[in-house]
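The primary structure of each chain is shown beneath.
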Amino acid sequence: MKKILILTKFIPYELNNWWCIRNYAWIKHLSHFFEIHLIWFARNQKDISWIKSLCHSIYPIPYPSRNDWIKSCIKGIAILKVPLIILKYFHEKYLQTVKQLLNIHDFESIFCLELATTQYLLHNDHNTKKIYDSHNIEYLLFSRVAEQSKRYQKAFLNREAEKIKNYEYNIINNIDYTFFVSQQDYERAKKNYKPSSYKIVPNSFSDNGGFKKNYSPFNLFFIGNLSRTPNKEWLINFMQTYLPRLKEQDRFHKVKFYIIGSGQANYLTKYLSKNIICKNNISQEEKNRLLSQGWIGIVPLNSWGGTRIKILEYRSYGLPVLSTVIGAEWLISSIGTYIYNTPQNFIKEINILIHNKELFGKKGKTNYLSFQQHYHDNKIFENIDDSPFSSKSSQ
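Just so we're clear, the structure is a prediction, and the values are computed from it rather than from any experiment.

## Let's talk about the overall build of the protein chain
Counting its regular elements, the protein chain contains 16 helices and 13 strands. For the protein chain, restricting intrachain contacts to residue pairs at least 6 apart in sequence, the fraction spanning at least 24 positions comes to 68%. Counting only carbon and sulfur atoms, one obtains 50% of the accessible surface of the protein chain, whose full area is about 17900 Å².

Given below as structure tokens:
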């Protein structure tokens, strides 16, 4: 069995940490065909037995401290070409571990999950094949936020976006193989960069037990990292703008709004009630139980963007979804996923669905079938046999 070195920022200590789900899917799949040696930043001391079972060896690196981050900021001012989101995840021990492993093992390839880990390739002139998994075209995310920012912050973010664009250009043009999350992301990259060999590997999700018609109470769900700025901004806006209008609906008193996530959520405390419930850092089993009884999932992002994992998770439970354009961009459309950008349309559609159980059931089933056909883990990884990670290449 051939060896592969995987570099990543994080692994999901709980498998409901959405920003790590793609990493987990890759590691799980590749463990069937390669001997994996994994390096990542360890943010805490939670149980990692599941990752040990998938890897030959693991190397958790201490997460950069606040002082490390301040040094990176100072360094970023001095080194004009390197963006802060890259420097933020530099650690000397991480670099030395990469170098040591490259000297000890004959790796088939180095696989960088996320842009920040590619900086460790720049410090090595090793001839091992270099592969990069692009979660997003990062500079576009910064450009979006800059457009919505105030004067000085806008200038800073535009500067960072340009630095990220130049960094991505250097990486993608000099990498041996790139995986993109969507055809649209590849087209965007092609306009600015010159990717060599590539493959489209959409995000995926595991099945959560199939489509279940267990529609007990009327439930709305939001899932996400509650510390992340776009999610935080939208949740506050929902409480202040959407909720007063929803309360005017005649059946609203029966609706419960569940906020399921991780991270700090103290800002939500003043909004919570018997019908507005925050479930923070819960187990996967508890989340499965709640979502299997769900009615509607909402993805209301108005800035940044992401890997669209929320919608895939909702679809895996057979929930109709209400999303903004940014929240659902580049996903294959489904008639069970509604795209709106205004509170009025969100509220109108919620009202229609909670009054029509038959319509709700049809939309949810359509979403579930779309998930099974296009985004289930097994389906996604069927299509990489002509990539460096085909089952034949591991032999």
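So much for the structure itself; the text now carries on.
## Let's talk about the pairing of strand β6 (residues 177–180)
The two faces of β6 match: Y177 and F179 on one face and T178 and F180 on the other face are all buried. Of the strand pairs in this sheet, strand β5 (residues 129–134) and β6 are connected by four bridges, and their pairing is parallel. Bridge assignment links S134 to a residue of β6, and that residue is F180.

## Details of the sheet that holds strand β1 (residues 3–8)
Two strands in a sheet stick together by hydrogen bonds in their backbones, pointing the same way (parallel) or opposite ways (antiparallel). Read from one edge of the open sheet, seven strands run β3-β2-β1-β4-β5-β6-β7, paired in parallel fashion. The strands lining the two open edges of the sheet, one partner per strand, are β3 (57–62) and β7 (197–200). The average angle at which neighbouring strand axes cross in this sheet is 20 degrees, direction not considered. In terms of strand pairing, β1 meets strand β2 (residues 35–42) through five bridges, oriented parallel. Opposite I6, over in β2, you have L38 as the bridge partner.

## Thoughts on the environment of N225
One can find N225 in strand β8 (residues 218–225). Using a relative accessible area of 19% as the deciding quantity, one classes N225 as buried. Counting along the chain gives 40 residues from N225 to A265, while the straight-line C-alpha distance between them is 9.3 Å.

## Details of the confidence of the model for the protein chain
Residues with a pLDDT of 70 or more make up 87% of the protein chain, whose mean pLDDT is 81. Element-level mean pLDDT values for the protein chain span from 69 in helix α3 (residues 66–78) up to 95 in β1.

## Structural notes on the environment of K130
Tracing the backbone shows K130 in strand β5. Relative accessible area serves as the criterion here: at 14%, K130 is assigned to the buried category. Sequence separation between K130 and Y177 is 47 residues; the distance between their C-alpha atoms is 6.7 Å.

## Description of the side chain of E114
Looking at where E114 falls in the secondary structure, it is placed in the loop between β4 (107–113) and α6 (119–122). No salt bridge is formed by the buried E114. Its closest oppositely charged neighbour is K9, at 4.7 Å. A polar side-chain atom of E114 sits 3.4 Å from a polar atom in the side chain of T8.

## Digging into the nonpolar core
Ranked by internal contacts, the top residues of the largest apolar core, which has 38 residues, are L5, L7, I39, Y94 and V98. Looking at this core, the elements with two or more residues in it are β1, β2, α5 (92–104), β4, α6, α7 (138–147), α8 (151–174) and α9 (183–192). Contacts of Y94, omitting those with residues within four sequence positions, involve L7, T8, I39, W40, F41, I61, T117 and Y120. Y338, I347, L353 and F360 belong to the second largest nonpolar core, which has 30 residues in total.

## Things to note about the packing of helix α10 (residues 229–246) against helix α14 (residues 343–354)
Packing of α10 against α14 brings their axes to within 10 Å, and their N-to-C directions diverge by 40 degrees. Between α10 and α14, the interaxial angle falls into the category oblique. The way α10 lies across α14 gives a crossing that is right-handed. In this structure, α10 uses T241, Y242, R245 and L246 to contact α14, whose residues at the interface are P343, Q344, F346, I347 and I350.

## Topic: the packing of aromatic side chains
Applying the stated criterion across every chain, the model contains 24 aromatic pairs. Summarising the aromatic geometry, the rings of W26 and F381 are spaced 5.2 Å apart at their centres and angled 65 degrees between planes, so their arrangement reads as edge-to-face. Here W26, found in helix α1 (residues 21–30), pairs with F381, found in the segment after α16 (377–380); they are 355 residues apart in sequence, far enough to count as distant. We note that W26, like F381, is buried. Through a chain of ring-to-ring contacts, three or more aromatic side chains come together here, namely F10, F41, Y63, Y89, F90, Y94 and Y120.

## Observations concerning α8
An ideal rise of 1.5 Å per residue puts 34 Å on 24 residues; α8 measures up with 35 Å between its terminal C-alpha atoms. All buried positions along α8 are accounted for by L157, E160, A161, K163, I164, Y167, E168, I171 and I172.

## Section: the sheet that holds strand β13 (residues 337–339)
On the basis of which strands lie adjacent, the open sheet formed by six strands has the order β10-β9-β8-β11-β12-β13 and parallel pairing. With partners counted over all chains shown, the strands left at the sheet margins are β10 (276–280) and β13, one partner each. This sheet shows a mean twist of 20 degrees between the axes of neighbouring strands, independent of strand direction. Of the pairings in the sheet, the one linking β8 to strand β9 (residues 255–262) comprises eight bridges and is parallel in character. Its bridge partner lying in β9, N225 is registered against S262.

## Some thoughts on α14
Over its twelve residues, α14 extends 17 Å from the first C-alpha to the last, a length consistent with the 16 Å expected when each residue adds 1.5 Å. The set of residues buried in α14 consists of P343, F346, I347, E349, I350, L353 and I354. Looking straight down α14, one finds that the buried residues subtend no more than 165 degrees of arc, so they occupy a single side.

The rules behind these values
Residues numbered from 1 in each chain as written. Predicted model: local features only at pLDDT ≥ 70, side-chain atom pairs only at ≥ 80, totals over all residues. Heavy atoms only, no water. Helix = DSSP H or I, 4+ residues; strand = E, 2+ residues; numbered from the N terminus. Contact = heavy atoms within 4.5 Å. Areas by Shrake-Rupley, 256 points an atom, 1.4 Å probe, with all protein chains shown as cover. Buried < 20%, exposed > 50% of the residue type's maximum accessible area, 1.4 Å probe, protein only. Pairing = 2+ DSSP bridges. Axes fitted to C-alpha atoms, helices over the stretch in contact; angles between N-to-C directions. pLDDT = per-residue confidence, 0-100. Lys, Arg positive; Asp, Glu negative; His and termini not counted. Salt bridge = Lys/Arg side-chain N within 4 Å of Asp/Glu carboxyl O. Polar contact = N/O pair within 3.5 Å; in protein donor to acceptor, adjacent residues only side chain to side chain. Core = buried A, V, L, I, M, F, W, Y, C linked by side-chain atoms within 4.5 Å. Parallel < 35°, antiparallel > 145°, perpendicular 65-115°, else oblique. Left-handed = near helix turned anticlockwise from the far one by under 90°. Phe/Tyr/Trp six-rings, centres within 6.5 Å; stacked < 30°, edge-to-face > 60°. Expected span 1.5 Å × (residues − 1). Arc of directions from axis to C-beta.

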